[in-house]
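Structure at a glance
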Amino acid sequence: QVQLVESGGGLVQAGGSLRLSCAASGSIFSVSAMGWYRQAPGKQRELVAEITRGHSTNYAVSVKGRFTISRDNAKNTVYLQMNSLKPEDTAVYYCNADLTVRWYGASKVFWGQGTQVTVSS
């Protein structure tokens, strides 16, 4: 009923930039928090950044000052602007949304399929 569609991943050289987008669609009543997570090979998934509907943000220490998360509430879309990319940022990035489904009356957490971000050295 709900789908998160991601875009913007790719291959860039160190110091470059990428902008990820994730749009939630389907039977959505409201969207609370949205965020971006990443998982590198052999490592656990970690929070990169999250943002509430009121635009409060939280970042992982490793990306502070380099990444910026934002959202468009009207479009149920979250963005992640990634600047000064490092090889250590290479991972699969997953979009996340905490939302309430229409006609269900309870909040649920949904995940995107993931998009690969590769930063060459």
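Provided above is the structure to which this section pertains.
Computed from a predicted model, the values in this text were never measured in an experiment.

1. Quick notes on the environment of Val2
Looking at where Val2 falls in the secondary structure, it is placed in strand 1 (residues 2-7). We classify Val2 as buried; its relative accessible area is 15%. With near-sequence residues (within four places) excluded, Val2 lies in contact with Ser25, Ser27, Ile28, Leu99, Val101 and Phe110.

2. Comments concerning the pattern of salt bridges
Pairing of side chains with opposite charge becomes possible as their charged atoms draw close. Enumeration over the complete set of coordinates arrives at three salt bridges. Of the charged contacts, one joins Glu46 and Arg38 as a salt bridge, the two residues approaching to 2.8 Å between their closest N and O atoms. Classification of Glu46 by relative accessible area gives partly exposed; the value is 34%. The class of Arg38 is buried, set by a relative accessible area of 6%. Arg66 is the partner of Asp89 in a salt bridge, and the nearest nitrogen-oxygen pair spans 2.8 Å. Here Asp89 is found in the loop between strand 8 (77-82) and strand 9 (91-101), whereas its partner Arg66 is found in the loop between strand 6 (57-59) and strand 7 (67-72), with 23 residues between them in sequence. The structure contains a network of salt bridges with shared partners spanning Arg38, Glu46, Arg66 and Asp89.

3. Observations concerning the sheet that holds strand 1
The antiparallel open sheet is built from four strands, whose spatial order is 1-3-8-7. If you trace the sheet from one side to the other, it starts and ends with strand 1 and strand 7, each paired once. Geometrically, the sheet is characterised by an average inter-axis angle of 15 degrees between neighbouring strands, direction not taken into account. Both strand 1 and strand 3 (residues 18-26) contribute to a ladder of six bridges, which runs antiparallel. Residue pairing across strands places Glu6 opposite Cys22, the latter belonging to strand 3.

Calculation rules
- Residues numbered from 1 in each chain as written.
- Predicted model: local features only at pLDDT ≥ 70, side-chain atom pairs only at ≥ 80, totals over all residues.
- Heavy atoms only, no water.
- Helix = DSSP H or I, 4+ residues; strand = E, 2+ residues; numbered from the N terminus.
- Buried < 20%, exposed > 50% of the residue type's maximum accessible area, 1.4 Å probe, protein only.
- Contact = heavy atoms within 4.5 Å.
- Salt bridge = Lys/Arg side-chain N within 4 Å of Asp/Glu carboxyl O.
- Pairing = 2+ DSSP bridges.
- Axes fitted to C-alpha atoms, helices over the stretch in contact; angles between N-to-C directions.

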